[in-house]
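Structural description and commentary
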Amino acid sequence: MTRASLDKQPHEVAAMFDDVAAKYDLTNDVLSLGQARLWRKAVARAVDARPGEKVLDLAAGTGTSSLPFTMAGAYVVPCDFSVGMLREGKKRNPWMPLTAGDATRLPFADGVFDAVTISFGLRNVQDTGAALREMLRVTRPGGRVVICEFSTPTWAPFRTVYSEYLMRALPPVARAVSSSPDAYVYLAESIRAWPRQPELAALLQEAGWSKVAWRNLTGGVVALHRGTKLSG
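Predicted, not measured: the structure shown is a model, and the values here were computed from it.

Taking strand neighbours across the sheet as the criterion, the seven strands line up as E3-E2-E1-E4-E5-E7-E6 in an open arrangement whose pairing is mixed. Of all the strands in the sheet, the pair left with one neighbour each is strand E3 (99–100) and strand E6 (210–217). Of the pairings in the sheet, the one linking strand E5 (residues 139–150) to strand E7 (residues 222–228) comprises seven bridges and is antiparallel in character. Each bridged residue has a counterpart across the sheet, and for Val-145 the counterpart in E7 is Gly-227.

Written as structure tokens, this is what we have:
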């Protein structure tokens, strides 16, 4: 595959992430100008995992995003549909219960997790609404969801500069540091096509989540969306 199209066929997207697994975390740090680590910390604070809680970390890739939750004492299930990513994660952290799964058909029972989170993966799912409903299904009443995703910068001049960076600067940088630069062309296009903050909030509400809110990071380059599953 030379280029993934935005219709997000699951096998194509999974294969794309298989190809970039080995250098994925390093490439993200470079392309985000070091912001990726700060975003992961913001997610950890928002999830606020507590000892004994069960946390589902979707689109977990190699499991890097799951580590802060384990350090907080929670039981974390890193889940991803890229077997290549999971294999790479198993090499690094063989003790992690890395699980293969599709976000639109999660292999878990109803109401088993205290928190579900997904970082930079929701826009790669074929059916956003189905994924949000599945997250709701596997969350216990009173549980929470935290979504960290690329979004739309709030300041118009910066928004223009950012868009130019995505489509012009990102591909050559990716060619220098990534094993599969075409994957990052797709990622840039998927970011530009992704719904804005209020639109994603509306999708969360439509899926059945309550108390939906969001917070912008890095001027809206990234947004943290949250929701709660009502009891009863």
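From this point on, the discussion continues.
Let us look at the nonpolar core. Among the nonpolar cores identified, the biggest contains 26 residues, and Leu-56, Leu-122, Met-135 and Trp-209 are the most heavily contacted of them. Residue contributions to this core peak at five residues, all from helix H6 (residues 128–138). Leaving out residues up to four positions away in the same chain, Trp-209 has contacts with Leu-132, Met-135, Leu-136, Thr-139, Gly-143, Arg-144, Val-145, Leu-204, Gly-227, Thr-228 and Lys-229.

This next bit is on the environment of Leu-38. Take Leu-38: it is sitting in helix H3 (residues 35–47). For Leu-38, a relative accessible area of 47% translates into the label partly exposed. Between the C-alpha atom of Leu-38 and that of Leu-217, which follows or precedes it by 179 residues, the distance is 9.4 Å.

Turning next to empty space enclosed by the protein. Counted according to the given criterion, the structure contains one cavity of 30 Å³ or more. Taken as a whole, the largest cavity holds about 60 Å³ of empty space. Lining of the largest cavity is provided by Arg-40, Val-43, Ala-44, Asp-57, Ser-65, Pro-68, Phe-69, Thr-117 and Ser-119. For the lining of the largest cavity, the secondary structure elements donating two or more residues are H3, helix H4 (67–71) and strand E4 (113–119). It is H3 that provides the largest number of residues to the lining of the largest cavity, a total of three residues. Considered class by class, the residues forming the lining of the largest cavity number four nonpolar, three polar and two charged.

Calculation rules
- Residues numbered from 1 in each chain as written.
- Predicted model: local features only at pLDDT ≥ 70, side-chain atom pairs only at ≥ 80, totals over all residues.
- Heavy atoms only, no water.
- Pairing = 2+ DSSP bridges.
- Helix = DSSP H or I, 4+ residues; strand = E, 2+ residues; numbered from the N terminus.
- Core = buried A, V, L, I, M, F, W, Y, C linked by side-chain atoms within 4.5 Å.
- Buried < 20%, exposed > 50% of the residue type's maximum accessible area, 1.4 Å probe, protein only.
- Contact = heavy atoms within 4.5 Å.
- 1 Å grid on protein atoms, 1.4 Å probe; cavity = no way out; pocket = protein on both sides within 12 Å on 5 of 7 lines; lining within 4 Å.
- Points joined across faces, edges and corners; volume = space filled by probe spheres on them.
- Nonpolar A, V, L, I, M, F, W, Y, C, P; charged D, E, K, R; others polar.

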